[in-house]
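One letter stands for each residue in the lines below.
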Amino acid sequence: MDLKGKNILSTKQFDRAMLISLFEEAKSLSSDSVLNGKIMAALFFEPSTRTRFSFEAAMLRLGGSVISNADMLKTSSATKKETLYDTGKVISQMADVIVMRHPEAGSVAELAKGSSVPVINAGDGANEHPTQALMDLFTIWMEKGTLDGLKIGLVGDLKYGRVPHSQFDLLKHFDSEIVLISPESLKMPEGILEGRDCVEVDNLSEVIGDLDVIAMSRVQKERFDDESEYERVAGSYVLNGALMEMAKSDAIVIHPLPRVDEIALEVDSDPRAKYFDQVAYGVSLRKALLKSVLL
Ligand code: NCD
């Protein structure tokens, strides 16, 4: 896996061998100060809790340093109409790696054009969130011991959700069956399906008993043009104790978080709930990724 000096903009850059080697690295990586002297810039033009702190914790745990702005849209020169290209030119002279999130699809790639250091996509609009999908697959690999031979349900907002988009793309490298579960109006876009053969349903209770992985996601309120359309589909799925009773005894539930109401609190104490364990897996995965692009 040679990611040294490379941008991480899309899941499309990865193949099966690279994924497994990244997961092996994430599993075995200690917290030695291998990134001592390196600086990561975190440029967040959109809200984040986990992703930004996860990258920052990963960098700090490996001995690196962080310069960070969580409110770029309001407090950076973006307010003065500086282009992303120029921002990339400038920040890359101060940092060794840039992690960026932005509400517009393609924006991270735009900044990367100006940057002379690796740029990592931490979410660009409804397009992609490659590192979240990497940590989701890492979670499955750690918890189930494999990514093959599973039945994996992607549940929720498959239209606007950048996480299911990236998960769906990465899963093509494995021999698992994917079941897409969404309301009719939030189906996975054709451009992402790319003609791949998978079952699409709108009723979670019909399929939950067959799933090895239940990958939940939030309806992406901020991406809807029409608030009433959001209200119509909000709360479409609520994974609760009754549904979990129908699920396999060794199924796992993942969710990138934040959740709104799509997973009931009563599920948190179910040993199959892995969405909080994922946070630690995310730091490990991002440590491995930062090390791979920097060393
Ligand atoms: C996701 C995101 O920002 O796309 N959150 C995350 O990074 N953990 C999911 C979401 O906001 O629904």
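Enquirer: Can you lay out the side chain of Arg52 for me, pointing to particular residues and giving the numbers?
Expert: Residue placement: Arg52 occurs in helix α2 (residues 50-61). Side chain to side chain, Arg52 and Ser68 meet in a polar contact 2.9 Å long. Sequence-distant contacts of Arg52, defined by excluding residues within four places in its chain, comprise Ala42, Phe44, Ser68 and Ala70.

Enquirer: Any details on helix α6 (residues 130-144)? Residues and values, ideally.
Expert: Along its 15 residues, α6 runs 21 Å from first to last C-alpha, staying within 8% of the 21 Å computed at 1.5 Å per residue. Buried residues of α6: Pro130, Thr131, Gln132, Ala133, Leu134, Met135, Asp136, Leu137, Phe138, Thr139, Ile140 and Trp141, and no others. Taken from the residues just after α6, Gly145 is the one with a positive phi, measuring 80°.

Enquirer: Residue-level account of the nonpolar core, with values.
Expert: Phe14, Leu154, Leu180 and Leu290 are the most contacted members of the largest nonpolar core, which has 54 residues in total. For this core, the element with the highest residue contribution is helix α12 (residues 277-294), accounting for eight residues. Here this core spans two domains, and each of domain 1 (31-125) and domain 2 (130-278) adds at least three residues to it. The residues contacting Leu290, other than those within four sequence positions of it, are Leu35, Met40, Phe55, Ala58, Met59, Val97 and Ile120. Membership of the second largest hydrophobic core comes to 22 residues, among which are Val155, Leu204, Leu211 and Tyr237.

Enquirer: Got a sec to walk through unusual backbone geometry? Specific residues and values, please.
Expert: That bond from Leu257 to Pro258 is cis: its omega, 5°, falls within 30 degrees of zero. Structurally, Pro258 is set in the loop between β9 (252-254) and α12. With phi around 45°, Glu194 is a residue other than glycine that occupies positive phi space. Structurally, the position occupied by Glu194 is in the loop between α8 (190-193) and β7 (199-201). Here Leu257 is to be found in the loop between β9 and α12.

Enquirer: Go over the packing of helix α1 (residues 16-28) against α12 with me, naming the residues and quoting the values.
Expert: In contact at an axis separation of 8 Å, α1 and α12 are set at 115° when each is read in the N-to-C sense. As judged from the angle between their axes, α1 and α12 are roughly perpendicular. In this structure, the crossing between α1 and α12 has a hand that is right-handed. Touching Leu22, Phe23, Glu25 and Ala26 of α1 are Ser284, Leu285, Ala288, Leu289, Lys291 and Ser292, all from α12.

Enquirer: Residues and numbers for the pattern of salt bridges, please.
Expert: Within this structure, the stated rule accounts for 17 salt bridges. With its nearest N and O atoms 3.8 Å apart, the salt bridge here joins Lys144 to Asp250. In this pair, Lys144 is assigned in helix α6 and Asp250 in the loop between α11 (241-246) and β9, connecting sequence segments 106 residues apart. The exposure class of Asp250 is partly exposed, given its relative accessible area of 46%.

Enquirer: So what about the sheet that holds β9? Which residues, and what values?
Expert: What holds strands together in a sheet is hydrogen bonding between their backbones, with the strands either parallel or antiparallel. Read across the open sheet, the five strands follow the order β7-β6-β5-β8-β9; overall the sheet is parallel. Two strands bound the open sheet, and with one partner strand each, they are β7 and β9. Put simply, the sheet's adjacent strands are angled 20° from each other on average, direction ignored. Its contacts with the sheet place α6 against β5 (151-155), β8 (213-216) and β9, and it is angled at close to 165° to β9.

Enquirer: Quick one: what's the story with the domain arrangement of the protein, residue by residue and with numbers?
Expert: As assigned here, the protein comprises domain 1 (31-125) and domain 2 (130-278). Just the C-alpha atoms count here: the centres of domain 1 and domain 2 sit 28 Å apart. Listed per partner, the contact involves eleven residues of domain 1 and seven residues of domain 2. Counting the contacts that link domain 1 with domain 2 gives two salt bridges. One salt bridge connects Arg223 with Glu46, and the closest N-O pair in it is separated by 3.0 Å. The interface formed by domain 1 and domain 2 includes four residue pairs in polar contact (both at pLDDT 80 or more). Mapped by element, the contributors of at least two residues to the side of domain 1 that touches domain 2 are α2, β3 (97-102) and β4 (119-124).

Rules used in this analysis
- Residues numbered from 1 in each chain as written.
- Predicted model: local features only at pLDDT ≥ 70, side-chain atom pairs only at ≥ 80, totals over all residues.
- Heavy atoms only, no water.
- Helix = DSSP H or I, 4+ residues; strand = E, 2+ residues; numbered from the N terminus.
- Polar contact = N/O pair within 3.5 Å; in protein donor to acceptor, adjacent residues only side chain to side chain.
- Contact = heavy atoms within 4.5 Å.
- Expected span 1.5 Å × (residues − 1).
- Buried < 20%, exposed > 50% of the residue type's maximum accessible area, 1.4 Å probe, protein only.
- Core = buried A, V, L, I, M, F, W, Y, C linked by side-chain atoms within 4.5 Å.
- Domains from an automatic or database assignment.
- Axes fitted to C-alpha atoms, helices over the stretch in contact; angles between N-to-C directions.
- Parallel < 35°, antiparallel > 145°, perpendicular 65-115°, else oblique.
- Left-handed = near helix turned anticlockwise from the far one by under 90°.
- Salt bridge = Lys/Arg side-chain N within 4 Å of Asp/Glu carboxyl O.
- Pairing = 2+ DSSP bridges.

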